[in-house]
Protein chains: 2
Amino acid sequence: MEGNATLFDVARVAGVSLATASRAINGSARTVGAELREKVLRAAQELDYSPNAAARTMKRGHADVVGMIVPDIADPYFSGIASGVMKAADEQGLMVSIASTRRQSSREAEYVAGFRRQRNRAVILAGSRTSSRAETETLKAEVDRFEAQGGRVAVVSQRKLPVDTVVVENRQGARALATDLTDLGYRDFAVLAGPRDLLSAKDRLDGFRTGLAEAGVELSREQVVNGEFSRDGGFQAMEQVLEELGGIDCVFAVNDVMALGAIAAIRSRGLDVPRHLSVAGFGDISTLRDMAPRLTTVRVDLERLGRLALEMILSSEGGAPRTRREKCQVVLGASTPGRKPVGRRSSARG
Amino acid sequence: MEGNATLFDVARVAGVSLATASRAINGSARTVGAELREKVLRAAQELDYSPNAAARTMKRGHADVVGMIVPDIADPYFSGIASGVMKAADEQGLMVSIASTRRQSSREAEYVAGFRRQRNRAVILAGSRTSSRAETETLKAEVDRFEAQGGRVAVVSQRKLPVDTVVVENRQGARALATDLTDLGYRDFAVLAGPRDLLSAKDRLDGFRTGLAEAGVELSREQVVNGEFSRDGGFQAMEQVLEELGGIDCVFAVNDVMALGAIAAIRSRGLDVPRHLSVAGFGDISTLRDMAPRLTTVRVDLERLGRLALEMILSSEGGAPRTRREKCQVVLGASTPGRKPVGRRSSARG
DNA sequence: CTGTTAGCGCGTTCAA
DNA sequence: TTGAACGCGCTAACAG
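Residues numbered from 1 in each chain as written. Chains lettered and ligands numbered in written order. Predicted model: local features only at pLDDT ≥ 70, side-chain atom pairs only at ≥ 80, totals over all residues. Heavy atoms only, no water.

**Student:** Let's hear about the overall build of chain A: which residues, and what values?
**Tutor:** Per the secondary structure count, chain A includes 12 helices and 12 strands. Taking all 350 residues of chain A together, the buried fraction comes to 56%. Taking the contacts inside chain A whose residues are at least 6 apart along the sequence as the reference set, 74% of them involve residues at least 24 apart. A total accessible area of about 14700 Å² is found for chain A, and carbon and sulfur atoms account for 46% of it. One finds the centroid of the 50 positive side-chain charges in chain A at a distance of 4 Å from the centroid of its 44 negative side-chain charges. (Helix = DSSP H or I, 4+ residues; strand = E, 2+ residues; numbered from the N terminus. Buried < 20%, exposed > 50% of the residue type's maximum accessible area, 1.4 Å probe, protein only. Contact = heavy atoms within 4.5 Å. Areas by Shrake-Rupley, 256 points an atom, 1.4 Å probe, with all protein chains shown as cover. Lys, Arg positive; Asp, Glu negative; His and termini not counted. Charge placed at Lys NZ, Arg CZ, Asp CG, Glu CD.)

In structure tokens form, the structure reads like this:
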């Protein structure tokens, strides 16, 4: 039996018309008699009938698929978000296509175009926005085209595009972290700041700086080291700090995998965390929660971000783009035990 | 501008026929004059033309999309494989749809059916096969239907279905691990064995047992504790071991996240790894490579598995299903420093 | 090299 | 409640 049974075949076997078969199977209008419906369903079963989603897509103009674009699916931060999207999508009977830009944000636009070709119902962009004006314009143009076609777009990170957005409160989280760390007695920081043009990285740095300032602590230019947003980026940035900077007592890496790299770099010099240096991250990815010492970080509910993005997309009926802000919460761990035994603690220990 | 420009519009604007426009744009047969081609491309650009993939799919009978089914996309093991699949797919101009069964392997069949509706060109099943005969039969039936329709299927794990398979040499890896651990002087093991019906878990246990036997070490029934294939499963299984078993000096968790849970459980009792107990895992997921102590584990090249699966699918031209075996390599870390100072080491330290 | 035409499988009119 | 017929956008024959 080559190829596939078609709805026409089903109708023939059931002895009804194409239209009746269609109605019985997708149940759009419930105007099919119980008896015929039964017949049709039986025929479909018998023939291993599988509705042709492409035909349906052509007819309706859009596919029941949502596209998702991430910088790196192997990064727990994004696989966490993807997990939330997929779970919510599953509940809605939607399929999810995922594309990974491999950290080249310039590729986002290409993938949006790809999802447009597929006539996907929606696209979720899960990576940080960048400060590149040209890149943003290119992406915006593609997003506009996607929407002109009837598709919906949502972004998880910053509100830089006029679309539904789940804003991660990076500033607020990093600021709270700075407050807690200064409360713990730290005064001499280094920040492993990620790429200069990544807004998530920039916002976390800015928020951190604000929190420090409120405690009367300044961050000099040398105390901020840029690097890739990855484990290796953290490792290298940390090496630079260790070589060029003295008198640091706490390092803030703007994401958890960078913090991981930083810790590795510190240890590779024979130093210990937190004895010689304290380290904090951002994100609270689950694989790191059992690390010893427990990494101080800022918790982001990744699955929730994904779920919210999908829900926004489905509930938006052509209205103005909405923004949903998601707060982050500091988790203090043994990686930042405090410089001196000060009493105050503004967050629970992890 | 509502809706979307169609190929017909492009043809009209360019002043050529539909066929010419089609040929110029997808370049199937290169029989279009340079001048007309230029005109067509310009018209397409002007109109923001986006080829309708659904129409193409309907015409050709299959979509240039490959479906992937994983037990849990948030598990680094599977996001690693997914990363490999996506990279290879990108190079081939294919899109990837991903579905997560959330560890309910019974849902695999449903998703295969879903991908059949989409007329996806191929499906990759990335989770362990199970020992459930009924489940396997159901899945096989669905896979057969998928293939009857012209789709290709590949599996990463065990060869239990008559399809292209990338076999992970779990037995060999676990056996080598047992050899190395016994060489290190360990004699009293506990195995956190995962779910009873998961073949990956079972194979790792079997291989480990074989390796132990070769060193004259037996594993009693009580020394094997089943549990979920997750961090929490490892935690709980380890708690059981700690409560019910004495005299253990090394714990083998059949995957890395279980090992992570095990270590957490050990520490929650105020014990230390490796001072009080040594721990080994399986998989070598990247986030754990910087853990202290370095987790002894068995390295699996996750991205490679994904890439190989995709390549098999694309290269298979209806021939008999092929099998590709991928070896695993032991990585010894400080989580298993050795029971006594014995000299022999058969693998490099991580 | 280019144009005309006939479906691919389905949903949805409109009639009956 | 059911059926007949059209068209979604495209590609692959077949003509010219």
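From this point, the narrative continues.
**Student:** Now, about the interface of chain A and chain B: what can you tell me, with residues and values included?
**Tutor:** Listed by partner, the interface residues are 54 residues for chain A and 54 residues for chain B. Summed over both partners, the interface of chain A with chain B buries about 4500 Å², with 53% contributed by carbon and sulfur atoms. Remark: the boundary between chain A and chain B carries eight salt bridges. The salt bridge partner of A:Asp90 is B:Arg107, with a shortest N-O separation of 3.1 Å. Across the chain A-chain B interface, the total number found is 22 residue pairs in polar contact (both at pLDDT 80 or more). When residues in the side of chain A that touches chain B are grouped by element, the largest group, seven residues, is from helix 5 (residues 76–91) of chain A. Among the residues forming the side of chain A that touches chain B, the class breakdown is 26 nonpolar, 13 polar and 15 charged. For strand 2 (residues 95–100) of chain A and strand 2 (residues 95–100) of chain B, the ladder comprises two bridges, and the chain directions are antiparallel. (Buried area = accessible area lost by both parts, 1.4 Å probe. Salt bridge = Lys/Arg side-chain N within 4 Å of Asp/Glu carboxyl O. Polar contact = N/O pair within 3.5 Å; in protein donor to acceptor, adjacent residues only side chain to side chain. Nonpolar A, V, L, I, M, F, W, Y, C, P; charged D, E, K, R; others polar. Pairing = 2+ DSSP bridges.)

**Student:** Give me the protein's contact with DNA strand C: which residues, what numbers.
**Tutor:** Lining the immediate surroundings of DNA strand C are 23 residues, of which A:Leu7, A:Tyr49, B:Thr20, B:Arg23 and B:Gly33 lie closest. In DNA strand C, atoms within 4 Å of the protein come from the sugar-phosphate backbone in 57% of cases. Contacts to DNA strand C include A:Lys59, whose side-chain N or O atom sits 3.3 Å from a base nitrogen. Listing elements by their share of the surface near DNA strand C, those giving two or more residues are helix 2 (18–26) and helix 4 (53–60) of chain A together with helix 2 (18–26) and helix 4 (53–60) of chain B. When residues of the surface near DNA strand C are assigned to their parent elements, the largest contribution, four residues, is made by helix 4 of chain A. (Near = heavy atom within 4 Å.)

**Student:** I'd like a description of the packing of aromatic side chains, backed by residues and values.
**Tutor:** All names here are of chain A. Per the counting criterion, the structure on display carries eight aromatic pairs over all chains. The interplanar angle of 75 degrees and the centroid separation of 5.1 Å between the aromatic rings of Tyr 77 and Phe 78 together place this pair among those described as edge-to-face. The two residues Tyr 77 and Phe 78 agree in class, both being buried. Here a set of aromatic residues connected by ring pairs shows up, and it is made of Tyr 186, Phe 189, Phe 208 and Phe 252. (Phe/Tyr/Trp six-rings, centres within 6.5 Å; stacked < 30°, edge-to-face > 60°.)

**Student:** So what about the side chain of B:Thr165? Which residues, and what values?
**Tutor:** Note on placement: B:Thr165 falls in strand 5 (residues 164–168). Among the polar contacts listed, one links the side chain of B:Thr165 to the backbone oxygen of B:Val163, at a separation of 2.7 Å.

**Student:** Kindly report on the pattern of salt bridges, identifying the contributing residues and their values.
**Tutor:** Pairing between side chains of opposite charge can happen when their charged atoms approach one another. The final tally for this structure, using the stated rule, is 64 salt bridges over all chains. A salt bridge links B:Glu303 to A:Arg102; the shortest N-O distance between them is 3.7 Å. Note that B:Glu303 is positioned in helix 12 (residues 302–315) and A:Arg102 in the loop between strand 2 and helix 6 (108–117), a pairing that runs across two chains. For B:Glu303, a relative accessible area of 32% corresponds to the partly exposed category. With a shortest N-O distance of 3.7 Å, A:Arg152 and A:Asp164 are connected by a salt bridge. Taken together, the residues span a long stretch of sequence, with A:Arg152 in strand 4 (residues 152–157) and A:Asp164 in strand 5 (residues 164–168) at a distance of 12 residues. Salt bridges sharing partners connect three or more residues here, namely A:Arg171, A:Lys202, A:Asp203 and A:Asp206.

**Student:** Give a description of the sheet that holds strand 2 of chain A that names residues and reports values.
**Tutor:** If you walk across this open sheet you meet the 12 strands as 11(A)-5(A)-4(A)-3(A)-1(A)-2(A)-2(B)-1(B)-3(B)-4(B)-5(B)-11(B), and the pairing is mixed. The open sheet has two edge strands with one neighbour each: strand 11 (323–326) of chain A together with strand 11 (323–326) of chain B. Averaged over all adjacent pairs, the angle separating strand axes in this sheet is 20 degrees, with direction ignored. As judged from the five bridges shared by strand 1 (residues 63–70) of chain A and strand 3 (residues 120–125) of chain A, these two strands associate in the parallel manner. Paired with A:Gly67 across the bridge in strand 3 of chain A is A:Val123. The sheet strands contacting helix 7 (residues 133–148) of chain A are strand 3 and strand 4 of chain A, and the helix crosses strand 3 of chain A at an angle near 155 degrees. Sitting on the sheet, helix 12 of chain B touches strand 1 (63–70), strand 3 (120–125), strand 4 (152–157), strand 5 and strand 11 of chain B, and the angle it makes with strand 5 of chain B is about 160 degrees. (Axes fitted to C-alpha atoms, helices over the stretch in contact; angles between N-to-C directions.)

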